[in-house]
Amino acid sequence: MREHSLDLPTPEKWGEGLVSIPEGEILELEVRLESVHEGILVSGTVDTTATGVCGRCLIDIEEPVEVEFQELFTYPGGEASDFDVQDDHVDLENLVRDAIVLSLPFQPVCQPDCPGLDPNTGERLTETTGDTEQTPVDHRWAALQQYTPDDGDALRAAPKTEKS
């Protein structure tokens, strides 16, 4: 068994969504390699930082990423495997990249309760004071703004009259 601590830069941008790991970002790897009958069992953790934009308000965000991984690299000759030992070496790039990219959020947010953007002005709702006047989207629905829940109760309580 061998343990290694490595600090390596990413060879290229990893991830394609709203957040990704930029090229050259440092990956802090803690790796444990164990010899087993079938090959080499690799387990460890990787710490890095993802950058991108909030999916609601579009401000720049930066968040830490910590991922655990474990994979068996098999000796060549047996069944076909995605991860093989080659000349007593293992290539961790695909394993680490897949683990990191799959852990990135699909819709990242700057804070859990991010209100997003105002649909009318396009300003961030966290920056506005909320004093903006509510205008009806369609003037045909403007009369419904005077309707209150109490009005509905009064209509249901009124006796029905029969028409002749």
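Not measured: the values here are computed from a predicted model.

**Student:** Tell me what's going on with the side chain of Thr 48, and back it up with residues and numbers.
**Tutor:** Relative to the elements of secondary structure, Thr 48 occurs in strand β4 (residues 39-53). Residue classification places Thr 48 among the buried residues on the basis of a relative accessible area of 6%. A polar contact of 3.1 Å, which involves the side chain of Thr 48, links it to the backbone oxygen of Ile 26.

**Student:** Can you tell me about a nonpolar patch on the surface, naming the residues and giving the values?
**Tutor:** Side chains of Trp 141, Leu 144 and Tyr 147 sit close together on the surface and give an oily, nonpolar patch of about 390 Å² of accessible area. Secondary-structure assignment places Leu 144 in the loop between α1 (93-103) and α2 (149-157).

**Student:** Describe α1, listing the residues and the values that go with them.
**Tutor:** Regarding α1, the residues found buried are Leu 95, Val 96, Ala 99 and Ile 100. Viewed along the axis of α1, the buried residues span an arc of 120 degrees, placing them on a single side of the element. In this structure, the buried residues of α1 make contact with β3 (26-36), β4 and β5 (60-74).

**Student:** Got a sec to walk through the environment of Glu 66? Specific residues and values, please.
**Tutor:** Turning to its location among the elements, Glu 66 is positioned in strand β5. Along the sequence, Glu 66 and Leu 27 sit 39 residues apart, while their C-alpha atoms lie 9.9 Å from each other.

**Student:** Go over the pairing of β3 with me, naming the residues and quoting the values.
**Tutor:** Sheet analysis places strand β1 (residues 2-9) next to β3, joined by eight bridges and oriented antiparallel. The residue bridging Leu 8 from the neighbouring strand is Leu 27, located in β3. Two elements, β3 and β4, share nine bridges in a ladder whose sense is antiparallel. Counted as the bridge partner of Ser 35 is Ile 40 from β4. Connecting the antiparallel pair β3 and β4 is a turn made up of two residues.

**Student:** Which residues make up the side chain of Ser 43, and what are the values?
**Tutor:** Along the polypeptide, Ser 43 turns up in strand β4. Residues in contact with Ser 43, not counting those within four places in the same chain, are Glu 30, Val 31, Arg 32, Glu 34, Phe 69 and Gln 70.

**Student:** Tell me about the nonpolar core, and name the residues and values.
**Tutor:** Counting 26 residues, the largest nonpolar core has Val 42, Val 46, Phe 69, Val 96 and Ile 100 as its most contacted members. Elements supplying a minimum of two residues to this core: β3, β4, β5 and α1. Of all the elements, β5 adds the most residues to this core, at five residues. Not counting the four nearest positions on each side in its chain, Val 96 is found in contact with Trp 14, Leu 27, Leu 29, Val 46 and Phe 69.

Procedures and definitions
- Residues numbered from 1 in each chain as written.
- Predicted model: local features only at pLDDT ≥ 70, side-chain atom pairs only at ≥ 80, totals over all residues.
- Heavy atoms only, no water.
- Helix = DSSP H or I, 4+ residues; strand = E, 2+ residues; numbered from the N terminus.
- Buried < 20%, exposed > 50% of the residue type's maximum accessible area, 1.4 Å probe, protein only.
- Polar contact = N/O pair within 3.5 Å; in protein donor to acceptor, adjacent residues only side chain to side chain.
- Patch = residues over 30% accessible without salt bridge, like charges linked within 9 Å, V, L, I, M, F, W, Y side chains within 5 Å.
- Areas by Shrake-Rupley, 256 points an atom, 1.4 Å probe, with all protein chains shown as cover.
- Salt bridge = Lys/Arg side-chain N within 4 Å of Asp/Glu carboxyl O.
- Arc of directions from axis to C-beta.
- Contact = heavy atoms within 4.5 Å.
- Pairing = 2+ DSSP bridges.
- Core = buried A, V, L, I, M, F, W, Y, C linked by side-chain atoms within 4.5 Å.

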